[in-house]
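A look at the structure
One letter stands for each residue in the lines below.
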Amino acid sequence: MIKNNLINIKNSIPQDVLLVAVSKTKPIEAIQEAYETGHRNFGENKVQELADKFDHLPKDIKWHMIGHLQRNKVKFIAPFIHLIHGVDSFKLLKEINKQALKNNRIINCLLQFHIAEENTKFGLHLDEAISFISNQEFLELKNISISGVMGMASYTKDNSKIEKEFSSLIVIFDKLKAQFNNKDSFKWISMGMSGDYKIAINQGSNMVRIGSTIFGAR
Ligand SMILES: *Cc1c(COP(=O)(O)O)cnc(C)c1O
């Protein structure tokens, strides 16, 4: 089942859209099954679970941290994490840089923006992000690479609302891209989950995070 679900989704999305298979709460065997299709990008939202799964699974997996990340837990994933999606403060970015330096790595990060009307979702506002990336202190962080943006739409059946929220993330992406010197590495727009990834791709997403449609309900 997992293999079929994964292959069907891959065939239904454009080739230049990266699929992150969200395996949170699912056992090692489920990830192994997906891995056997050749899939390598997996997403988790809890540090402990992510670190455990890293230990037990093949080392060529690219692990994505998609959940809210606390500063005191960065050290547990810094040795291996491929991409951190939920960076929502400059303080967190500084800690990621510090831990990346200790591990002699450059860690890729996405800035998470608040695009939904619901006030429960984490994320930056554009002016906040622009203010810290234009700061000298930011320019001195040599062990992080800002690779793009991430956002979550409201949980609603109102597709036009979801569309609007996703398109606001595209506007943010374009405005930020204009600020960066190294424009080539700033390229990812991580938006879209099981319920809304088709809308997200239509709006310009090039990275979708899909869990339940692949692995079944949690
Ligand atoms: C759980 C989760 C997903 C995947 O959700 P599904 O609806 O199962 O596809 C995507 N992004 C984030 C941030 C998540 O926490």
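Note: the structure precedes this text.
Residues numbered from 1 in each chain as written. Predicted model: local features only at pLDDT ≥ 70, side-chain atom pairs only at ≥ 80, totals over all residues. Heavy atoms only, no water.

Considering the environment of Cys 109
Worth spelling out the cut-off: Strands here mean DSSP runs of E at least two residues long; helices mean DSSP runs of H or I at least four residues long; both are numbered from the N terminus. Think of it in three bands: with a 1.4 Å probe and only protein chains considered, a residue is buried below 20% of the maximum accessible area for its type, exposed above 50%, and partly exposed in between. By the convention used here, residues are in contact when the closest approach between their heavy atoms is within 4.5 Å.
By the secondary structure assignment, Cys 109 is in strand E5 (residues 107-113). For Cys 109, a relative accessible area of 0% gives the class buried. When the C-alpha atoms of Cys 109 and Ser 147 are compared, they prove to be 5.7 Å apart, with 38 residues separating the residues in sequence. Those residues in contact with Cys 109, other than ones at most four positions away along the chain, are Leu 83, Ile 84, Val 87, Leu 93, Ile 96, Ile 144, Ser 145, Ile 146, Ser 147 and Gly 148.

Structural notes on the packing of aromatic side chains
Put simply, the rule reads: Note on aromatic contacts: the rings of Phe and Tyr and the six-membered ring of Trp form a pair at centre separations within 6.5 Å, being stacked when their planes are under 30 degrees apart, edge-to-face when over 60 apart, and tilted otherwise. By definition, being over a ring means that NZ of Lys or CZ of Arg is both within 6 Å of the ring centre and within 35 degrees of the ring normal.
One pass over the structure, following the stated rule, counts 7 aromatic pairs. Every member of this aromatic cluster is reached through a ring pair, and the members are Phe 90, Phe 132, Phe 138, Phe 173, Phe 180 and Phe 186. One residue, Arg 40, lies across the ring of Tyr 35, its end atom 3.5 Å from the ring centre. When the ring centre of Phe 54 is taken as reference, the NZ or CZ atom of Lys 59 above it lies at 4.7 Å.

Remarks on the nonpolar core
Counted only if it meets this: The criterion is simple. A nonpolar core is a set of buried Ala, Val, Leu, Ile, Met, Phe, Trp, Tyr and Cys residues joined through side-chain atoms within 4.5 Å.
In terms of nonpolar packing, the biggest core is built from 67 residues, with Trp 63, Leu 93, Phe 113, Phe 138 and Leu 176 touching the most fellow members. Top element by residues in this core is helix H8 (residues 159-177). It accounts for 7 residues.

Considerations on the site of the ligand
Stated formally: Nearness is defined per residue: one heavy atom within 4 Å of the molecule or strand is enough. Within 3.5 Å is the distance limit for a polar contact, defined as a pair of N or O atoms, with the added protein rule that one can donate a hydrogen and the other accept it, and that residues adjacent in sequence qualify only through two side-chain atoms. To measure how exposed things are, a 1.4 Å probe is used in the Shrake-Rupley method; for residues, cover is taken only from the protein chains shown.
Lining the immediate environment of the ligand, one finds Val 22, Lys 24, Ile 66, Met 150, Met 152, Met 193, Ser 194, Arg 209, Ile 210, Gly 211, Ser 212 and Arg 218. Within the contact set of the ligand, an oxygen atom lies 2.7 Å away from a side-chain nitrogen or oxygen of Lys 24. The side chain of Ser 194 places a nitrogen or oxygen atom 2.5 Å from an oxygen atom of the ligand. For the ligand, whose accessible area on its own is 390 Å², the fraction buried by protein is 90%.

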